[in-house]
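# Structure assessment
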Amino acid sequence: MKITFCCTDTKAEPWLAGLRAALPEALVELWQPGAAPADYAVVWAPPQAFLDEQPQLKALFNIGAGVDALMLLRLPPGAQVVRLDDAGMSVQMAEYVCHAVIRHFREFDGYEADVKQGKWSYRKPRARADFPVGVMGLGVLGERVARALRVFEFPVMGWSRSPKALDDVRCFAGPAQFDDFLAASRVLVNLLPLTPETEGILNRATLSRLKPGGYLINVARGAHLVDEDLIALLDSGQLAGATLDVFRTEPLPAGHPFWTHPKITVTPHTSARTLREESIAQIAGKIATLERGEPIAGIVDPARGY
Ligand code: NAP
Ligand code: GLV
């Protein structure tokens, strides 16, 4: 069995060593143009030339949860695309989102600014009930985030494509319930996959439906957001602020208004990192399962795009 590793922007050696240790019977190689085709591939944003050389590929393991970049490529006909299924990401995402929500709700930015000026200030406590949080996407990450927010007793809403039932989370589904979901939310957390249906979904019209003083946390993909619409809504006072971890162009270009906007907190696509050891264990386990002819979880449906 041959496994080829082809990941842009990733140091290959530790991955190759980890995969070899986990699957000692396999030949594990870094892709070189013209090399013999593989049975399995471990990829992140591979070039089309790599995929075009893989006629016998059984599965492509993406070393991230989001497969939007892969879905733009011409894939080998028999290959299943497999996304990372948590592998240590959901707890990181829960930490990040809870931190961002609490920082905004408790006005910690304001306290930090006051302390820097030597001011011992108090702010009137705000009511948690006035900060309902809406989570767009109730998949592997969104569900964990929704549950984590409930621990802090925020009212939590969730929106997904198919109907869901989560304890203590008010669930909405499909386009028909989208407006009601937005209208019930003050803080909006985006954890949708990027697909033709969801591109640009965070725009002037949708963000304007949030409760007054709305706040956006985008941790999914930059192309979900219409950048100029967010800036306009922040500048007009319609939205109170935003925490952004993902951007249309990454790294965020120098001079982009998000860098310096006083109501925006930027982080460099770091809310839920791929953890190498957990990911290798998951991928190796799934390859072994497939080799036994058994089914695995995390297979992407190309028709849905996630
Ligand atoms: P997932 O398990 O596939 O869940 C996706 C959720 O979105 C599902 O609940 C799905 O509904 C819902 N959804 C999809 N299309 C929809 C639509 N048109 N309308 C309404 N709901 C829709 O994905 P995940 O593992 O939670 O990851 C979500 C995204 O997070 C990834 O695609 C990636 O872009 C992003 N991400 C970012 C980072 C980071 O560091 N910033 C890290 C990891 C992932 P159903 O349940 O009905 O299918
Ligand atoms: C990161 O953004 C991922 O999709 O895993």
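First, a word on what this report is: a plain description of the structure on this page. (Residues numbered from 1 in each chain as written. Chains lettered and ligands numbered in written order. Predicted model: local features only at pLDDT ≥ 70, side-chain atom pairs only at ≥ 80, totals over all residues. Heavy atoms only, no water.)

### Looking at the sheet that holds strand β1 (residues 2-7)
With parallel pairing, the five strands of this open sheet are ordered in space as β2-β1-β3-β4-β5. Only two strands of the sheet have a single partner each, and these edge strands are β2 (27-30) and β5 (80-82). Direction aside, neighbouring strands of the sheet carry axes that sit 20° apart on average. Sheet contacts for helix α1 (residues 12-22): β1, β2 and β3 (40-44); angle to β2, the most-contacted strand, approximately 175°. (Pairing = 2+ DSSP bridges. Helix = DSSP H or I, 4+ residues; strand = E, 2+ residues; numbered from the N terminus. Axes fitted to C-alpha atoms, helices over the stretch in contact; angles between N-to-C directions. Contact = heavy atoms within 4.5 Å.)

### A closer look at the sheet that holds strand β8 (residues 169-173)
With parallel pairing, seven strands are arranged side by side in an open sheet as β8-β7-β6-β9-β10-β11-β12. If you trace the sheet from one side to the other, it starts and ends with β8 and β12 (264-266), each paired once. Across the sheet, the mean angle separating the axes of adjacent strands is 15° when strand polarity is ignored. Bridge count between strand β6 (residues 133-136) and strand β7 (residues 156-160): four bridges; the pairing is parallel. Bridging across to β7, Gly 134 finds its partner in Met 157.

### Points about the side chain of Lys 286
You can see Lys 286 is positioned in helix α11 (residues 276-291). A polar contact of 2.7 Å, which involves the side chain of Lys 286, links it to the backbone oxygen of Ala 297. Ignoring sequence-local partners within four residues, the contact set of Lys 286 consists of Phe 61, Val 82, Arg 83, Asp 85, Ile 296, Ala 297 and Gly 298. (Polar contact = N/O pair within 3.5 Å; in protein donor to acceptor, adjacent residues only side chain to side chain.)

### A short note on the pattern of salt bridges
Here the structure, examined in full by the defined rule, presents 15 salt bridges. With its nearest N and O atoms 3.9 Å apart, the salt bridge here joins Asp 85 to Lys 286. Of this pair, Asp 85 sits in the loop between β5 and α4 (89-105) while Lys 286 sits in helix α11, and the two are 201 residues apart along the sequence. A residue is classified by how much of its surface remains accessible, and Asp 85, at 23% relative accessible area, is partly exposed. Residue Lys 286 is classed as buried on the basis of its relative accessible area of 10%. Of the charged contacts, one joins Arg 292 and Glu 294 as a salt bridge, the two residues approaching to 3.4 Å between their closest N and O atoms. Take Arg 292: its relative accessible area is 52%, and that puts it in the exposed class. A single salt-bridge network, built from bridges that share partners, covers Glu 107, Asp 114, Lys 119, Arg 123 and Arg 126. (Salt bridge = Lys/Arg side-chain N within 4 Å of Asp/Glu carboxyl O. Buried < 20%, exposed > 50% of the residue type's maximum accessible area, 1.4 Å probe, protein only.)

It is worth stressing that arrangement in space is one thing and function is another; only the former is reported here.
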